[in-house]
Amino acid sequence: METQQIKETIQMISEENLDIRTITMGISLLDCITGDMATTAQHVYAKIVAKAKDLVPVADAISNEYGIPIVNKRIAVTPVALLAGADPAPDFRLLAQALDDAAKAVGVDLIGGYTATVQNGCTPADLALMTSLPEALATTDRVCASVNVGSTRSGLNMDAIKLMGQVVKDVAAIQPENAMKLVIFANAVEDNPFMAGAFWGVSEGDVAINTGVSGPGVVQRAIADQPEATFETICETIKQTAFKVSRMGQFVGKVAAERLHVPFNIVDLSLAPTPAPGDSVAEILETLGLSHVGTPGTTAALALLNDAVKKGGVMAAERVGGLSGAFIPVSEDANMIAAAKAGHITLEKLEAMTAVCSVGLDMVAVPGSTPASTISGMIADEAAIGMINNKTTAVRVIPVPGKGVGDSIEFGGLFGTAPIMPVNTGDASVFINRGGHIPAPIHSFKN
Amino acid sequence: MQVIITVIGTDKVGIIAAVTTRLAELQVNILDVSQTIMQGAFTMMLLAQLPEGADFAATKADLQGLGVEIGVDVKIARQEIFDAMHKL
């Protein structure tokens, strides 16, 4: 009996907030397509309930037996825009409702896949889904949506980016919290288990289990124990810690898959913060020696953290996937919230940080008066970073009606509090209104 | 099913007696045991075998209830998770 190792594991869980952040079941809905949306929606509901009925009880039993919290149980499905192609006038409300009803029936907290992938162009079904988003997110509780507007191989669909700037405004105008459930991606991955951007890509199998681990507190504590260590030692410490954390994800995912009689797919090696004390990615950066997140040096610190987490985690898991990196959602990270309130971190610095980590401008609240073209500009900038750097980037921004800089919005629970951040007041409308497509970048002459 | 049971709390007379007596009542076989005072706190770890067909959740609730009774924190988890984290 290795008492030191047992003690370390228990301490990680009980004092440093180590947890399995999500077990996400991926379910293909391609076999639900009928050509008639009402019938398709019925098939969607039936398949999800049939496949995921044991997901929550199994996850709860594993959590109880092994003593590791499993915070979220979720479902990701095939991008539903693909289910509507044969219906001449698709009513996406039926699908949104079917997804919401199914999520409630099986007890998962969120279901992702109200999604369109339009990096090359939009089908009529894609357009119908995108324009349905304000109503779909307002009339459902657990449905999460995403739209992929660009990729390294396809370039940027600027027409879609223009449209999504307005859609984000319209979603938030009904209820700002609804915008938390909408992610706009470039280079979206097909096996991401984290919400709100999870969907189950068409190249995936019928049903499988994916896990996302988390443990910023564990990493922070390990670094804090070595205040004078060199970068080599710090990176080694992060790798070792990430290895242990990822082993948990691998183990729990495998047990869950066995009990649910489905394949185990991937572990997402992400550091995902929560607003709870000691569960902050920004605090890791500050522990590395920055007075506050946002200080010059922040991007470098994040880059080393992100890379070391991957290096440590890759060896711990049979298959790695998803987003795999450090998340920097503003509202979900206590030290990030504090830095934003104090003006230490700006949107521009966050944008720079997104070039070296997953995923993007995440859970950022901006003034309700921010024009749609400015939000489109933010989406285009993030997508360009992803396109050129061959990585996933995303925007989950919340324009809060009636609020301005100095105010904040309370989302509650794991979603935290978002101070309204100042947005550059320049005008991007002429650029955004040009329309068309920014071509895919050249893949040589890298600079 | 092999489990790791940890008992942590303020040291006093009778903690080991109380815990092991309850384990015996539950037909739980102790395979290995370690007890020390760590940073002033009584810390005991046991590797144990639950009887065939034992109800894990009920055993856990029972031991946690005992912990509350005698003023210590009792945790129980299946042993494989500790190996999974630390062993290649």
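Provided above is the structure to which this section pertains.
The residue numbering used here restarts from 1 in each chain and proceeds along that chain's sequence as written. Here chains are named by letter from A upward and ligands by number from 1 upward, in the order in which they appear as written. Given that the model is predicted, a residue must reach a pLDDT of at least 70 before its local features are reported, and side-chain atom pairs must reach 80 or more before they are shown or counted; all residues, however, enter totals for whole chains, interfaces and linings. The basis for every side-chain value is the complete set of heavy atoms in the structure, and neither hydrogens nor water enter the calculation.

Turning to the overall build of chain A, a few remarks are in order. Segments assigned H or I by DSSP are reported as helices when at least four residues long, segments assigned E as strands when at least two residues long, and all are numbered from the N terminus. Tallying secondary structure elements over chain A gives 14 helices and 13 strands in all. Throughout, radius of gyration means the C-alpha value; the globule benchmark is 2.2 Å times the number of residues raised to the power 0.38. The C-alpha radius of gyration of chain A comes to 21 Å, within 12% of the 22 Å expected for a compact globule of 447 residues. When the backbone C-alpha atoms are referred to their principal axes, chain A occupies close to 65 × 55 × 45 Å. Relative to its full complement of 447 residues, chain A shows a buried share of 60%. Restricting to contacts in chain A with at least 6 residues of sequence separation, those with at least 24 account for 78%. To sort residues, take the accessible area from a 1.4 Å probe on protein chains only and compare it with the maximum for the residue type: under 20% means buried, over 50% means exposed, and anything in between is partly exposed. The criterion used for residue contact is that any of the two residues' heavy atoms lie within 4.5 Å.

What is meant by a nonpolar core is a set of buried Ala, Val, Leu, Ile, Met, Phe, Trp, Tyr and Cys residues, joined one to another through side-chain atoms within 4.5 Å. Of all hydrophobic cores here, the largest spans 143 residues; its most connected members are Tyr114, Leu305 and Leu350 of chain A. The element that contributes the greatest number of residues to this core is helix α8 (residues 231-260) of chain A, accounting for 11 residues. Not counting residues within four places of it along the chain, the set of residues in contact with Leu305 of chain A comprises Val219, Ile238, Leu271, Val281, Ile284, Leu285 and Ala326 of chain A. One finds Val7, Val19, Leu46 and Leu50 of chain B within the second-largest nonpolar core, a separate group that totals 19 residues.

Here we take up the side chain of Ser154 of chain A. Residue and element names in this part refer to chain A. Considering the arrangement of structural elements, one finds Ser154 in the loop between β4 (143-151) and β5 (155-157). Between N or O atoms, a polar contact is any pair within 3.5 Å; within protein, one atom must be a potential hydrogen donor and the other a potential acceptor, and residues adjacent in sequence are included only when both atoms are from side chains. For Ser154, the side chain forms a polar contact with the side chain of Asn120, separated by 3.3 Å. Setting aside residues up to four positions removed in sequence, Ser154 forms contacts with Gln119, Asn120, His437, Ile438 and Ala440.

Below, the discussion takes up the side chain of Asp191 of chain A. Residue and element names in this part refer to chain A. Assignment of secondary structure puts Asp191 in the loop between β6 (182-186) and β7 (207-214). Within the local environment of Asp191, its side chain forms a polar contact with the backbone nitrogen of Gly322, the two atoms lying 2.9 Å apart. Leave out the neighbours within four places in its chain, and Asp191 touches Phe199, Trp200, Glu204, Asn210, Asn265, Ile266, Gly321 and Gly322.

Residue and element names in this part refer to chain A. A pair of aromatic rings is counted whenever rings of Phe, Tyr or Trp (Trp by its six-membered ring) have centres within 6.5 Å, and the orientation is called stacked for planes under 30 degrees apart, edge-to-face for over 60 and tilted otherwise. Going through the model one piece at a time under the given rule, you end up with 3 aromatic pairs over all chains. Between Tyr66 and Phe251 the ring centres are 5.1 Å apart and the planes differ by 80°, which places this aromatic pair in the edge-to-face class. Of this pair, Tyr66 sits in helix α3 (residues 55-66) while Phe251 sits in helix α8; the two residues are 185 residues apart in sequence, bridging distant segments of the chain. On the basis of relative accessible area, Tyr66 is assigned to the buried category, the value being 4%.

Residues and elements named next belong to chain A. Counting buried positions over the 8 residues of strand β10 (residues 393-400) gives 8, a clear majority of the element. Burial along β10 is two-sided: the face carrying Thr393, Val395, Val397 and Pro399 and the face carrying Ala394, Arg396, Ile398 and Val400 are both buried. Strands are treated as partners if at least two bridges between them are detected by DSSP. In this sheet, β10 lies alongside β6 in antiparallel orientation, the contact comprising 3 bridges. Each bridged residue has a counterpart across the sheet, and for Ala186 the counterpart in β10 is Thr393. Alignment of strand β9 (residues 361-367) against β10, held across 6 bridges, turns out to be parallel. Residue pairing across strands places Leu361 opposite Val395, the latter belonging to β10. In this fold, β9 hands off to helix α13 (residues 372-389), which returns the chain to β10; that crossover is right-handed. Viewed with both strands pointing away, a crossover whose connecting path from the first strand over the helix to the second turns clockwise is right-handed.

Take helix α1 (residues 15-25) of chain B next. Residue and element names in this part refer to chain B. Of all the residues in α1, the buried ones are Ile15, Val19, Arg22 and Leu23. Looking straight down α1, one finds that the buried residues subtend no more than 105° of arc, so they occupy a single side. Count one or two residues on from α1 and you reach Gln27, which has phi positive near 65°. Think of the arc as the fan of directions from the helix axis to the C-beta atoms.

Residues and elements named next belong to chain A. What a helix is expected to span follows from its residue count: subtract one and scale by 1.5 Å. In this model, helix α4 (residues 92-106) (15 residues) spans 21 Å end to end at C-alpha, consistent with the 21 Å of a helix rising 1.5 Å per residue. For α4, the full list of buried residues reads Phe92, Leu95, Ala96, Ala98, Leu99, Asp100, Ala102, Ala103 and Val106. Where α4 begins, the capping side chain belongs to Asp91, and its oxygen is found 3.1 Å from the backbone nitrogen of Arg93. Of the residues one or two after α4, Gly107 is the one with positive phi, at around 85°.

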